[in-house]
Amino acid sequence: MFQRTSLSDFITDVYRRSKGNPITGVYFLYQPMLMINDAEVAKTILTKDFHYFQDRGVLADEEIDPLTKNLFCLSGEKWKLLRQKMTPLFSMSKLKIMLPVVLDSVKIFENYINRNCSTDDIDIRDISAKFTMTMISSIAFGVSNDSINEPNNIFRLSSLKVLQPTFVTNLRIMTGFFLPKVSKALRMPIFDKETNDFFYDITKRTVEYREENNIIRNDFIQLLQGLRKVDNENK
């Protein structure tokens, strides 16, 4: 919460301390959790016994926090139903369809490297993050933008609010994780209203524009539109 140690560093430290044990118990405050160190046990949990372990352990309230309505946050039947619908979208054939859109982002990245690698020092971590942002914007949200050459564009700045949380955001996450009843009673969203509204609005406007103008683009938004169309036809 105070950003002194990242969650990944904490988990890595626990893993190293308990590496000789196939299963290790650990407490996050008062919340008991299991750490699986054995590959065979992990395989059993993720396959044969997965129906016992499908909950994410994350508070998801789609009414006050629409960004939590995803496979990482949902639990129970809602998660199971969404997974059944989403799994076919990640087949090899569907992913291949999006390759031209990926290559458009790769071209922007390649041109930047060619222009700057011989004259300036390049922060590879920073430029890789901007490239990833450009690609996610294009593939997942159907919005072409150039976060590499235009680092202050609104999509990147809004995404940074999610990827680089503040103390307040961390407090919301910790409350939702450790005190879900309190978080729900206070109607405390993980993400602030401005961030929620931005991503909801940009997705809604993209879908409406495509439907009104009969536009087809090989990206994830297009796949979701097709999924929604099938759902509507089956009702």
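For the structure itself, consult the block above.
One structure accompanies this document, and this report is about it. (Residues numbered from 1 in each chain as written. Predicted model: local features only at pLDDT ≥ 70, side-chain atom pairs only at ≥ 80, totals over all residues. Heavy atoms only, no water.)

## Description of the packing of aromatic side chains
Cut-off, in case you're wondering: Between rings of Phe, Tyr and Trp, where Trp is taken as its six-membered ring, a pair exists when centres lie within 6.5 Å; planes separated by under 30 degrees are stacked, by over 60 edge-to-face, and by other angles tilted. Only DSSP runs of H or I covering at least 4 residues are called helices, and only runs of E covering at least 2 are called strands; the numbering of each starts at the N terminus. Exposure categories follow from relative accessible area, calculated using a 1.4 Å probe and restricted to protein chains: below 20% of the type maximum is buried, above 50% is exposed, and the middle band is partly exposed.
Under the defined criterion, the tally for this structure stands at 7 aromatic pairs. On the basis of an interplanar angle of 40° and a centroid distance of 5.4 Å, the ring pair of Phe141 and Phe199 is categorised as tilted. In this pair, Phe141 is assigned in the loop between helix 6 (124-140) and helix 7 (154-163) and Phe199 in helix 10 (residues 193-213), connecting sequence segments 58 residues apart. For the pair Phe141 and Phe199, a shared accessibility class is recorded, and that class is buried. An aromatic cluster of at least three residues, connected via ring pairs, comprises Phe141, Phe155, Phe198 and Phe199.

## Remarks on the pattern of salt bridges
Working definition: two side chains of opposite charge can pair if their charged atoms are close together. Quick reminder of the rule: Any carboxyl oxygen of Asp or Glu that lies within 4 Å of a side-chain nitrogen of Lys or Arg is treated as forming a salt bridge with it.
All told, the structure shown has 10 salt bridges when counted by the stated rule. Between Glu110 and Lys107 there is a salt bridge whose closest N-O contact spans 4.0 Å. Separated by 3 residues within a single helix, Glu110 and Lys107 lie in helix 5 (residues 99-116), roughly one turn from each other. Classification of Glu110 as partly exposed rests on a relative accessible area of 37%.

## Some thoughts on the environment of Ile154
As for its position among the elements, Ile154 is in helix 7. Assessed through its relative accessible area of 58%, Ile154 is described here as exposed. Measuring from C-alpha to C-alpha, the distance between Ile154 and Phe198 comes to 9.4 Å, with 44 residues separating the pair along the chain.

## Description of the nonpolar core
Threshold: Here, nonpolar core means buried Ala, Val, Leu, Ile, Met, Phe, Trp, Tyr and Cys residues that are tied together by side-chain atoms lying within 4.5 Å of each other. The contact definition used throughout considers only heavy atoms, calling two residues in contact when any of these lie within 4.5 Å.
By size, the foremost hydrophobic cluster in this structure holds 12 residues: Met86, Leu89, Met98, Val101, Ile127, Phe131, Met135, Ile139, Ile148, Phe220, Leu223 and Leu227. For this core, the secondary-structure elements that each account for two or more residues are helix 6 and helix 11 (220-234). No other element matches the 4 residues that helix 6 contributes to this core. Non-local contacts of Ile127, meaning those with residues more than four positions away in its chain, are made with Phe109, Tyr112, Ile122 and Ile148. Counting 7 residues, the second largest nonpolar core, distinct from the first, contains Met133, Phe141, Val143 and Ile202.

## Some words on a nonpolar patch on the surface
Which entries qualify depends on this criterion: What goes into a patch is any residue over 30% in relative accessible area without a salt bridge, connected to like charges within 9 Å or, for nonpolar side chains (Val, Leu, Ile, Met, Phe, Trp, Tyr), within 5 Å. In these tables, accessible area is a Shrake-Rupley quantity obtained with a 1.4 Å probe, and a residue counts as shielded only by the protein chains included in the view.
A contiguous nonpolar patch, built from Tyr30, Leu179, Val182 and Leu186 and spanning about 380 Å² of accessible area, is present on the exposed surface. Turning to its location among the elements, Val182 is positioned in helix 9 (residues 180-185).

## Some remarks on unusual backbone geometry
Although it is not a glycine, Asn214 adopts a positive phi angle of roughly 55°. As for its position among the elements, Asn214 is in the loop between helix 10 and helix 11. Relative accessible area serves as the criterion here: at 67%, Asn214 is assigned to the exposed category.

## Remarks on the packing of helix 7 against helix 10
Rules: Fitted lines through C-alpha atoms give the axes, limited to the stretch in contact for helices. The angle between two N-to-C directions lies from 0 to 180 degrees. What sets the label is the angle itself: under 35 degrees gives roughly parallel, over 145 gives roughly antiparallel, 65 to 115 gives roughly perpendicular, and the rest give oblique. Left-handed is the label given to a crossing in which the near helix is rotated counterclockwise from the far helix by less than a right angle, and right-handed is the label when the rotation is clockwise. Gly falls in the polar group here, along with every residue not listed as nonpolar (Ala, Val, Leu, Ile, Met, Phe, Trp, Tyr, Cys, Pro) or charged (Asp, Glu, Lys, Arg).
Where helix 7 meets helix 10, the closest approach of the two axes is 10 Å, and the angle between their N-to-C directions is 130°. One way to sum up the angle between helix 7 and helix 10 is to call them oblique. For helix 7 against helix 10, the interelement crossing comes out left-handed. From helix 7, Ile154, Phe155, Ser158, Ser159, Lys161 and Val162 reach across to helix 10, where they touch Glu194, Thr195, Phe198, Phe199 and Ile202. Of the residues belonging to the contact of helix 7 with helix 10, the class tally is 6 nonpolar, 3 polar and 2 charged.

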